[in-house]
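The residues making up each chain are set out below.
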Amino acid sequence: MPPHPGSPSRTGLGSPGLARLLPPLPVFALQPLLGHIVASVAGRHPELFARMGEACHKHFLIDPTDLPVVLLLKPDPHRPELRAHNRGNTVGHDVRISGSFVTLLRMIDAKTDSDALFFNRELSVTGDVEAIVALRNALDDMDSTLADDVAATFGPFSRPVRAIFDFAERRP
Amino acid sequence: MTGLQKPELVCPAGTPAGLRTAVDAGADAVYCGLKGPTNARNFPGLNFTVAEMAEGVAYAHDKGAKVLAAINSFPTAGRTDIWKAAIDDAVSIGVDAVIAADIGAGAYLARTHPAQRFHLSVQAGASSVEAINYYCRSFGIKRVVLPRILTVAEIAELHSEIECEIEAFIFGNIGMMAEGRCLLTSYVTGQSTNMDGVCSPASHVHYAEDADQNLTTRLGEFAIDCVSCGQTTGYPTICKGRYDTAPKKGYYAFEEPVSLNLTKLLPDLMRAGVTALKIEGRQRSRAYVRAVVSAFRQAVDAYHAGADPDISDLLALTEGGKETQGAFGSKTWR
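## Quick notes on the overall build of chain B
Step number 1: From N to C terminus, chain B includes 10 helices and 13 strands.
Step number 2: The globule rule puts the C-alpha radius of gyration for 334 residues at 20 Å, and the 19 Å found for chain B is close to it.
Step number 3: Judged by the C-alpha coordinates and their principal axes, chain B covers about 60 × 55 × 40 Å.
Step number 4: Accessible area of chain B: about 12,900 Å², with a carbon and sulfur share of 52%.

## Re the sheet that holds strand β8 (residues 205-209) of chain B
Residues and elements named next belong to chain B.
Step number 1: Read from one edge of the open sheet, 3 strands run β8-β9-β10, paired in antiparallel fashion. With partners counted over all chains shown, the strands left at the sheet margins are β8 and β10 (222-227), one partner each. Pairs of neighbouring strands in the sheet enclose a mean axial angle of 20°, with direction left out of account.
Step number 2: One ladder, built from 5 bridges, connects strand β9 (residues 215-219) with β10; its direction is antiparallel. Bridging across to β10, R218 finds its partner in A223.

## Here we look at the environment of G220 of chain B
Residue and element names in this part refer to chain B.
Step number 1: Tracing the backbone shows G220 in the loop between β9 and β10.
Step number 2: Residue classification places G220 among the partly exposed residues on the basis of a relative accessible area of 24%.
Step number 3: Counting along the chain gives 46 residues from G220 to I174, while the straight-line C-alpha distance between them is 22 Å.
Step number 4: Once you skip the residues sitting within four places of it in the chain, G220 turns out to touch V188, H204 and H206.

## Comments concerning the interface of chain B and chain A
Step number 1: Contacts between the two partners involve 43 residues from chain B and, on the opposite side, 33 residues from chain A.
Step number 2: Interface area, chain B with chain A, both sides summed: about 3,000 Å², of which 50% is carbon and sulfur.
Step number 3: Among the residues of chain B in contact with chain A, P44, Y207 and R286 of chain B are the three that bury the most area, contributing 23% of the side total.
Step number 4: In this assembly, chain B and chain A are joined by 6 salt bridges.
Step number 5: In this structure, D113 of chain A and R284 of chain B form a salt bridge, with 2.7 Å as the shortest nitrogen-oxygen distance.

## With respect to unusual backbone geometry
Step number 1: You will see that R121 of chain A, though not glycine, has its phi angle at about 65°, which is positive.
Step number 2: Its place among the elements puts R121 of chain A in the loop between α5 (114-119) and β7 (124-127).
Step number 3: The phi angle at S200 of chain B is positive, at roughly 55°, despite the residue not being glycine.
Step number 4: Take S200 of chain B: it is sitting in the loop between α7 (184-189) and β8.

## Structural notes on the environment of T126 of chain A
Step number 1: Note that T126 of chain A resides in strand β7.
Step number 2: Using a relative accessible area of 13% as the deciding quantity, one classes T126 of chain A as buried.

## Here we look at the packing of aromatic side chains
Step number 1: Across all of its chains, the model carries 8 aromatic pairs over all chains by this definition.
Step number 2: Ring geometry for F118 of chain A versus Y207 of chain B: centroids 4.8 Å apart, planes at 55°, classification tilted. Taken as a pair, F118 of chain A in helix α5 and Y207 of chain B in strand β8 lie in two separate chains rather than in one. The exposure classification of F118 of chain A matches that of Y207 of chain B, with both residues buried.
Step number 3: Taken together, the aromatic side chains of Y134, Y135 and F139 of chain B make up a single cluster linked through ring pairs.

## What to know about the sheet that holds strand β2 (residues 60-64) of chain A
Sheet strands associate in pairs through backbone hydrogen bonding, adopting either a parallel or an antiparallel arrangement.
All names here are of chain A.
Step number 1: One open sheet accounts for 5 strands, arranged β4-β3-β2-β6-β7; its pairing is mixed. Sheet topology places β4 (81-86) and β7 at the edges, where each strand pairs with a single neighbour. Across the sheet, the mean angle separating the axes of adjacent strands is 20° when strand polarity is ignored.
Step number 2: Sheet topology note: the strand β3 (residues 69-74)/β4 ladder contains 6 bridges and is antiparallel. Bridging across to β4, K74 finds its partner in E81.

## Regarding the environment of A223 of chain B
Residue and element names in this part refer to chain B.
Step number 1: Tracing the backbone through its elements, the reader meets A223 in strand β10.
Step number 2: Take A223: its relative accessible area is 43%, and that puts it in the partly exposed class.
Step number 3: Each C-alpha atom of the pair A223 and H206 lies 9.1 Å from the other, and the pair is 17 residues apart in sequence.

## Some remarks on the nonpolar core
Step number 1: Formed by 92 residues in total, the largest nonpolar core has its most connected members in V144, I170, L269, I279 and F296 of chain B.
Step number 2: For this core, the element with the most residues is helix α9 (residues 286-304) of chain B, which contributes 9 residues.
Step number 3: Here V144 of chain B is in contact with L120, A126, I132, I162, C164, E165, I166 and E167 of chain B, once residues within four sequence places are set aside.
Step number 4: In this structure, A84, I97, V102 and V161 of chain A belong to the second largest nonpolar core, which totals 51 residues.

## Section: the domain arrangement of chain B
Residues and elements named next belong to chain B.
Step number 1: Partitioning chain B into domains gives domain 1 (8-174 + 258-329) and domain 2 (185-240).
Step number 2: Facing 20 residues of domain 1, the contacting portion of domain 2 comprises 13 residues.
Step number 3: Of the roughly 1,200 Å² buried between domain 1 and domain 2 on both sides combined, carbon and sulfur atoms contribute 48%.
Step number 4: On the domain 1 side of the contact with domain 2, F43, E319 and G320 bury the most area, a combined 34% of that side's loss.
Step number 5: Seen at the junction of domain 1 and domain 2, the total is 1 salt bridge.
Step number 6: In this structure, D196 and R79 form a salt bridge, with 3.1 Å as the shortest nitrogen-oxygen distance.

## Some remarks on the pattern of salt bridges
Opposite charge on two side chains makes pairing possible when the charged atoms of those side chains draw close.
Residue and element names in this part refer to chain B.
Step number 1: Per the counting criterion, the structure on display carries 36 salt bridges over all chains.
Step number 2: Salt-bridge contacts for K322 lead to E256; the nearest nitrogen and oxygen are separated by 3.5 Å. Taken together, the positions of K322 in the loop between α9 and β13 (323-324) and E256 in the loop between β10 and β11 (259-261) put the pair 66 residues apart, joining distant regions of the chain.
Step number 3: Classification of E256 as partly exposed rests on a relative accessible area of 31%.
Step number 4: Look at the salt bridges and you will find they share partners, linking E8, K66, R117, R143, E165, E167 and K278 into a network.

## Topic: the packing of helix α1 (residues 16-25) of chain B against helix α2 (residues 50-62) of chain B
All names here are of chain B.
Step number 1: One way to put it is that α1 packs onto α2 with a least axis distance of 10 Å and a crossing angle of 10°. One finds that α1 runs roughly parallel with respect to α2. Judged by the sense of rotation from one axis to the other, the crossing of α1 with α2 is right-handed. Contacts between α1 and α2 pair P16, L19, R20, V23 and D24 from the former with E52, G56, Y59 and A60 from the latter.
Step number 2: Tallied by class, the residues present in the contact of α1 with α2 amount to 5 nonpolar, 1 polar and 3 charged.

Conventions adopted
Residues numbered from 1 in each chain as written. Chains lettered and ligands numbered in written order. Predicted model: local features only at pLDDT ≥ 70, side-chain atom pairs only at ≥ 80, totals over all residues. Heavy atoms only, no water. Helix = DSSP H or I, 4+ residues; strand = E, 2+ residues; numbered from the N terminus. Rg over C-alpha atoms; globule rule 2.2 N^0.38 Å. Areas by Shrake-Rupley, 256 points an atom, 1.4 Å probe, with all protein chains shown as cover. Pairing = 2+ DSSP bridges. Axes fitted to C-alpha atoms, helices over the stretch in contact; angles between N-to-C directions. Buried < 20%, exposed > 50% of the residue type's maximum accessible area, 1.4 Å probe, protein only. Contact = heavy atoms within 4.5 Å. Buried area = accessible area lost by both parts, 1.4 Å probe. Salt bridge = Lys/Arg side-chain N within 4 Å of Asp/Glu carboxyl O. Phe/Tyr/Trp six-rings, centres within 6.5 Å; stacked < 30°, edge-to-face > 60°. Core = buried A, V, L, I, M, F, W, Y, C linked by side-chain atoms within 4.5 Å. Domains from an automatic or database assignment. Parallel < 35°, antiparallel > 145°, perpendicular 65-115°, else oblique. Left-handed = near helix turned anticlockwise from the far one by under 90°. Nonpolar A, V, L, I, M, F, W, Y, C, P; charged D, E, K, R; others polar.

So this is what it looks like as structure tokens:
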């Protein structure tokens, strides 16, 4: 049976070895940065929420399979949240999108087509497909890219962060 | 120069940013739809408000490109006003053509806005000289978008006998169903491809991956495919699913996940008199639009100049990593 939307699930099953070998991270240290990123993107692109419609109220689990953490996104227009959780913790969500960090980065940087990633099995989706389709289409309507916006939140360090993204995206 | 007529490159856009991307990548025309059931890509987060399409028209016209409004699903009794309003809105913001399929919508367009250019959608399924000329004489259509069931030779024959321009698909999703008449989604989900604009509505699609990365795809209560780790997959549509049939198990009983790619037939299509070459994919991302439109811009320009283009990179964007010339190359396809 497919996972039921909204059901909690453990993260990390079937993920590559490196993520499992790394010790749990002090994810609380990431929260101020993640909160700043999601607030900044929401402030720059209020039109995202209209395009997402009801999907604004869903919980999206973003699972970079080669990292020791997963991210939970709640794109509520009034109180958007992005929180990190250690892989293996139980995290309730409506829909989960999984892929390597570089795959997810290329996708949010509009460098590669998410349908093609899905066809080639580099990206997987379980749960509320309607919600993830709405999120994908809303993000795709940005003239900039989400990766650009994330880099911009680093202020004076935005160019080095952008350079790191570019370096990562060039990896085979 | 080859002396061939240079065809118009007609490109998809699901969002305003997608429209700008298509125009910037070299589209001669962009087709797009309004939010709601009036077009055949009624998916969450996709399509345009009237104001967004008006901005898109201004952007495209500023760069010398056209905008074609797809209002190509079929109204049902009691809600024809939605389609009439969409036609009125599209005309009022200055789109270059309305693409319609339904004869009621077409009659309304021809009667209410006789100066508006009318393209007959692929959804109308008009494939014979008699059918196309009927639409020309009854509704004044200026162009027919041909169903993907004809060979290039048949297109050339049509061209010599019909009274309007021809637009032909050259890349993207392809199904074997009679276009505008597929009822598979309706049967399984109760929502209609043709009347609600939703082929395999996302709300009814479920994916499940087991610990060995075997992927099962369900539409509603039906499992329509299961692929093992490393195998490519396609859109979650019934026509692209695999089934256990009497002669074969795990059989693509209708159609394999594969994309149309007519790169090598472009010169033949141009010689056949095709006025416009259409790329499928309003549901795809900006990255797809940028890559495919740029590649075909180069290809069309190169063939027109008598050169041989290289657009081998497009395979990565195809459904299931596979491509076909479909019926355009041979009737032995499927």
